[in-house]
Amino acid sequence: MNSYHIPENAIITVAGTVGVGKSTLTGALAKRLNFQTSLEQVDHNPYLEKFYHDFERWSFHLQIYFLAERFKEQKKMFELGGGFVQDRSIYEDTGIFAKMHADQGTMSKTDYETYTSLYEAMVMTPYFPHPDVLIYIEGSLPSILTRINERGREMEIQTDVSYWEHMHGRYSKWINEFTACPVLRLNIDDYDVNDETSMSDILVKVGNAIRKPADKI
Ligand SMILES: Nc1ncnc2c1ncn2[C@@H]1O[C@H](COP(=O)(O)OP(=O)(O)O)[C@@H](O)[C@H]1O
Ligand SMILES: Nc1ncnc2c1ncn2[C@H]1C[C@H](O)[C@@H](COP(=O)(O)O)O1
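Conventions we followed
Going along each chain's sequence as written, the residues are numbered from 1 onward. Just so you know, chain letters begin at A and ligand numbers begin at 1, following the order they were written in. Only residues with pLDDT of at least 70 get local features here, since the model is predicted, and only at 80 or more are side-chain atom pairs given and counted; chain-wide, interface and lining totals rely on the full set of residues. Values shown for side chains rest on all heavy atoms present in the structure; no hydrogens or waters enter the calculation. A molecule or strand has a residue near it when one of that residue's heavy atoms lies within 4 Å. We call two N or O atoms a polar contact when they sit within 3.5 Å, provided that within protein one can donate a hydrogen and the other can accept it, with sequence-adjacent residues counted only if both atoms are side-chain atoms. Surface accessibility follows the Shrake-Rupley procedure with a 1.4 Å probe radius. Residue values consider only the protein chains on display as shielding. A run of H or I in DSSP becomes a helix once it reaches four residues, and a run of E becomes a strand once it reaches two; helices and strands are each numbered from the N terminus. Residue polarity follows a fixed list, in which Ala, Val, Leu, Ile, Met, Phe, Trp, Tyr, Cys and Pro are nonpolar, Asp, Glu, Lys and Arg are charged, and the others, Gly among them, are polar. Each residue is assigned to one of three classes by its accessible area relative to the maximum for its type, calculated with a 1.4 Å probe on protein chains only: buried under 20%, partly exposed between the two thresholds, exposed over 50%. Note: two strands are recorded as paired if DSSP finds a minimum of 2 bridges between them. UniProt positions are given in the numbering used here, feature names are shortened, and annotations may be inferred rather than shown by experiment. Two residues qualify as a contact provided that any one of their heavy atoms is within 4.5 Å of a heavy atom in the partner residue.

### A word on the site of ligand 2
Line of reasoning, step 1. Taken together, 17 residues lie near ligand 2, and Lys 22, Glu 40, Tyr 52, Gln 63 and Glu 156 sit nearest.
Line of reasoning, step 2. Between Lys 22 and ligand 2, the recorded distance is 2.7 Å, taken from a side-chain N or O atom to an oxygen atom.
Line of reasoning, step 3. In the environment of ligand 2, an oxygen atom lies 2.5 Å from a nitrogen or oxygen atom belonging to the side chain of Glu 40.
Line of reasoning, step 4. Alone, ligand 2 offers 470 Å² of accessible surface; in the complex the protein occludes 99% of this.
Line of reasoning, step 5. Taken together, the elements giving at least two residues each to the shell around ligand 2 come down to helix 2 (48-53), helix 3 (55-79) and helix 4 (90-104).
Line of reasoning, step 6. When residues of the shell around ligand 2 are assigned to their parent elements, the largest contribution, 4 residues, is made by helix 3.
Line of reasoning, step 7. Of the residues that constitute the shell around ligand 2, the class distribution is 8 nonpolar, 1 polar and 8 charged.

Encoded structure:
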């Protein structure tokens, strides 16, 4: 056990909309806790760029790809006995992305049903422990759009702002209804990954969140 009372076998998941700062915070927390990271691979994803050019054609392929990748990571964390900070949760794939494309008609009803039944079958396995805590990063849409632009992934920059706006709204609603594990909310204006005190504050809150029921954080 470390000084923050975070168990060595904990699984900490970092959630939030695209560009909000998940990967950055994941790396910073893992370094301080001496945990491993479970990162989302963007560069080797064979569907992502195609998807941004044609949602209807590639939605289903991309969701199946992410589901497989996420599940392999889940299995790895389970087999290695925890001690991970994970960049994005599997809950967001289904609760945000797949649902959003199904609702908008860019994923067919049949494809969405197939995806959902596969997701449900995967979640109901011993490989699928819920995280000990989900850190939800939130921020204003203008700040997030600035970060997406500064990060410079062309496929995201070329995507209409309405896509990010819609996703931002869905995330706010989704997190209010999320109950799978304790949630710690962080606003991007309230921390600095390069500041030791700020990171220590977050780790104290993570320790508290793991020990206390969600409604008392
Ligand atoms: N706390 C922060 N303060 C300032 N810029 C940040 C912070 N966290 C992330 N960024 C920047 O914002 C962009 C998106 O961050 P990233 O961690 O890749 O987001 P995500 O993984 O949520 O998509 C990157 O350019 C990153 O350097
Ligand atoms: N499940 C997903 N469906 C569609 N797009 C997704 C999904 N998960 C991640 N993405 C996209 C969004 C970004 O363009 C990249 C990486 O996400 P990030 O929030 O920057 O880590 O993948």
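Don't stop here, the text continues.
### Brief notes about the pairing of strand 4 (residues 133-138)
Within a regular strand, side chains alternate between the sheet's two faces.
Line of reasoning, step 1. Among the 6 residues that make up strand 4, 5 are buried, leaving the element largely enclosed by the rest of the structure.
Line of reasoning, step 2. Relative to strand 5 (residues 183-187), strand 4 is paired through 5 bridges, and the arrangement is parallel. Counted as the bridge partner of Ile 135 is Leu 184 from strand 5.

### Some details on the pairing of strand 3 (residues 84-87)
Line of reasoning, step 1. Burial of the side chains of strand 3 extends over both faces: Phe 84 and Gln 86 are buried on one face and Val 85 and Asp 87 on the other.
Line of reasoning, step 2. Sheet topology note: the strand 2 (residues 36-38)/strand 3 ladder contains 3 bridges and is parallel. Directly across from Gln 36, in strand 3, lies its bridge partner Phe 84.

### Overview of the UniProt feature "active site" (unreviewed entry) in the chain
Line of reasoning, step 1. UniProt annotation of "active site" (unreviewed entry) refers to Asp 87 when read in the numbering used here.
Line of reasoning, step 2. Residue position: Asp 87 is located in strand 3.
Line of reasoning, step 3. Its relative accessible area of 3% is what places Asp 87 among the buried residues.
Line of reasoning, step 4. Once you skip the residues sitting within four places of it in the chain, Asp 87 turns out to touch Val 14, Lys 22, Ser 23, Thr 26, Ser 38, Leu 39, Glu 40 and Arg 70.

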